[in-house]
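Here's the letter readout for the chains.
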Amino acid sequence: QVQLVESGGGLVQAGGSLRLSCAASGSRSRINAMGWHRQAPGKQRELVAQITISGNTNYEDSVKGRFTISRDNAKNTVYLQMNSLKPEDTGVYYCKADGVTMAAGTWAPVTSWGQGTQVTVSS
């Protein structure tokens, strides 16, 4: 199992910046990828950015060029630097970790979610 704790959300004006952090802990799992998803009121949760242990990244189209995801593998911590924020970026941002855990002598996939952190961008 892995536990995820997010921080860094808040209220900012359009054009401002925030940096989200997600710290993972738990010795029973090995994390292969971490990322951020967000959910706006009345909308489905969507992938914002993801990074693998090898450094491969992918972004939701609307945040490309504005957001940067990074990861400290040694600390199992992922960051999301959000610049040029827009009101449409408003939502609850959830950290996600994908990995494997040992069960019955073999590795099994496991996905963990953080509790979410609110990001509000005002116009």
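Described below are features of the structure shown in this document. What you see is a predicted model; the values in this text were computed from it and never measured.

**What about the side chain of Ser 21?**
- Tracing the sequence through the fold places Ser 21 in strand E3 (residues 18–25).
- Given the relative accessible area of 14%, Ser 21 is considered buried.
- Once residues lying within four places of it in the same chain are set aside, the contact partners of Ser 21 are Val 5, Glu 6, Ser 7, Trp 36, Val 78 and Tyr 79.

**Some details on the nonpolar core**
- Core analysis: the biggest nonpolar cluster contains 25 residues, and Met 34, Trp 36, Leu 80, Met 82 and Tyr 93 have the highest contact counts within it.
- Looking at this core, the elements with two or more residues in it are E3, strand E4 (29–39), strand E5 (46–52), strand E7 (67–72), strand E8 (77–82), strand E9 (91–103) and strand E11 (117–122).
- The dominant element in this core, judged by the number of residues it contributes, is E3, at four residues.
- Setting aside anything within four residues of it in sequence, one finds Tyr 93 in contact with Glu 6, Leu 20, Trp 36, His 37, Arg 38, Val 48, Phe 67, Leu 80, Met 82, Gly 116, Thr 117 and Val 119.

Basis of the calculations
- Residues numbered from 1 in each chain as written.
- Predicted model: local features only at pLDDT ≥ 70, side-chain atom pairs only at ≥ 80, totals over all residues.
- Heavy atoms only, no water.
- Helix = DSSP H or I, 4+ residues; strand = E, 2+ residues; numbered from the N terminus.
- Buried < 20%, exposed > 50% of the residue type's maximum accessible area, 1.4 Å probe, protein only.
- Contact = heavy atoms within 4.5 Å.
- Core = buried A, V, L, I, M, F, W, Y, C linked by side-chain atoms within 4.5 Å.

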